Structure formats: C-alpha cells, structure tokens
Amino acid sequence: MPINWWEDFFHGIALDFWRAAVTEEQTRAEAEFIQKQLQLDSGAKILDVPCGNGRIALELAARGFDLTGLDIAAEFIEEANMKSAARNLKIGWYKQDMRDLPWTAEFDGSFCFGNSFGYLDDVGNANFLKAVARALKPEARFVLDAPAIAECLLPAFEDRRWFEIAGITFLSNSRYDHEQGRTFTEYSFIRDGRVDKRPASQRIYTYNELIRLLDEAGFETVSSYASLNEEPFKLGSQRLLLAVQRR
C-alpha cells in the first residue's frame, strides 16, 4: 500500500459517494455542535481542516462566522469555491496538505470533522495537531471528530462491510494490525457495472494515546462526547467528539 495513499484517494466516485452519504440535516447538526463547543461570537475566525467540499464551513459562514478551509483534494476545493460563490459567502479555500498551515495565532477556533484524523504516520499526525495549535490564538478551542478511536472501532470491528447509496455499491475489506495499531482497508466502489478499488489505512489510537498527542501539541482537554447530543463517551461508543483548548 502506498504510504501517502490519501493523495490519490479523494477524487471521482469516492467523493460522489461521500456527497450522497452525508445529509444536509447532518451537516446542520454538526455545525450546531461545533458552534456550541467553540463558544465564539459572530465574526470570529474559524479554520476547517481538512474541509472536504466545505459543507460545514459553508453552514458556519452562513451563520456569520469568518471561515477558512483547507484540503488536499482539488475536486473538493473547486466544489467549495463554486458553492461559496453561488451563496455569496466569502471563504478562503486552500488546496494543500493538512500539516501545512501557514498561520500563527490567526484563528479563534478550529475543527476537524468527517473521520479525517489518523491517515498519517505518528509523526505526521502529531505534526498536524501541532500545526493546528500554532494556527490558533491562545485559549482558542479545537473540536476533533475521531470515530476511529480504538474504544469505538475495535469492540465491534467488522472486517467486511457493504451497503448501497445513490446507485453506488460500497464494499470495504479491512484488517487490523495490532503491532502497528492501524487498519488497512481495500475499498470498492461499484457503479454501472464498473469497479473502482482504492487502498486506505488509518492509525487507531486509544483515547489515552490521543489525549497525550493533543497534550504534547499544546492542548488541554475540555470535554469528550459520544454524540452530537453530548452523550458521555465510553467504551463501545460509536463516535468520539473532543473539545480541547490551546494553552
């Protein structure tokens, strides 16, 4: 599997599937949660990284916040640009690596959603968190969506899954490597009889390991939840939502 698998993954049918899988209702609910956790007033500067097609950034910008989005997927950045222009929303979009954040103490808050954390190796994941901390003002908050945490993923680990959305059949064949603490997955997207296979891998941290990474990056934990409704996180939860604050 290529080390930098994400560089060639996010285009075409994979993005079509993601667009179909996420509803407008989910986007609004996630934006509401992020807004509450960041505790910011209208006009505050917020960084969305990686931003995908900007679905949450667009929603927050419509609520009066000053958004910046960054993602490595050119197709998603182009889509985000078109959508913000169509809605007359002024958002800065950047196509670049999530570790390459060219700002220092610039933002009042930040978030990382869509199961986008853990693609890199340990050094890369740590460098991403440090880059976010560097881009934030002191005491600014960062909200991290981490559903691929060990306490969520491993208790009910499924090596094979499949379902269909919007005419796309999605199959995943995964294995968990306990020595590396990573999953290795082959995704198959099938549409109109054509099969597109793409490899992926993700680091599976324990809750304790992730909190330690955040601490080393300059964050302290504010709260941890299992859902957008702020249910308490516990072993077997399907999702981890962390709110942390830059020192």
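Preceding this section is the structure that the text describes.
Our subject in this report is the structure included herewith. (Residues numbered from 1 in each chain as written. Predicted model: local features only at pLDDT ≥ 70, side-chain atom pairs only at ≥ 80, totals over all residues. Heavy atoms only, no water.)

**Let's talk about the sheet that holds strand β11 (residues 241–246)**
Part 1: The mixed open sheet is built from 7 strands, whose spatial order is β3-β2-β1-β4-β5-β11-β10. Among the strands making up the open sheet, the edge pair consists of β3 (92–95) and β10 (219–225). Averaged over all adjacent pairs, the angle separating strand axes in this sheet is 20 degrees, with direction ignored.
Part 2: Docked against the sheet, helix α2 (residues 24–38) engages β1 (45–48), β4 (107–112), β5 (136–145), β10 and β11, running at close to 150 degrees with respect to β5.
Part 3: The strands touched by helix α5 (residues 122–135) are β1, β4, β5, β10 and β11; relative to β5, the strand with the most contacts, the crossing angle is about 140 degrees. (Pairing = 2+ DSSP bridges. Helix = DSSP H or I, 4+ residues; strand = E, 2+ residues; numbered from the N terminus. Axes fitted to C-alpha atoms, helices over the stretch in contact; angles between N-to-C directions. Contact = heavy atoms within 4.5 Å.)

**Some remarks on the packing of helix α1 (residues 13–21) against helix α4 (residues 74–86)**
Part 1: Running from N to C, α1 and α4 point in directions that differ by 50 degrees, and their axes come no closer than 10 Å. Classed by the angle they form, the pair α1 and α4 counts as oblique. The hand of the α1/α4 crossing is right-handed. Across from L15, W18 and R19 in α1, the residues of α4 making contact are E75, F76 and E79.
Part 2: Residues belonging to the contact of α1 with α4 are distributed by class as follows: 3 nonpolar, no polar and 3 charged. (Parallel < 35°, antiparallel > 145°, perpendicular 65-115°, else oblique. Left-handed = near helix turned anticlockwise from the far one by under 90°. Nonpolar A, V, L, I, M, F, W, Y, C, P; charged D, E, K, R; others polar.)

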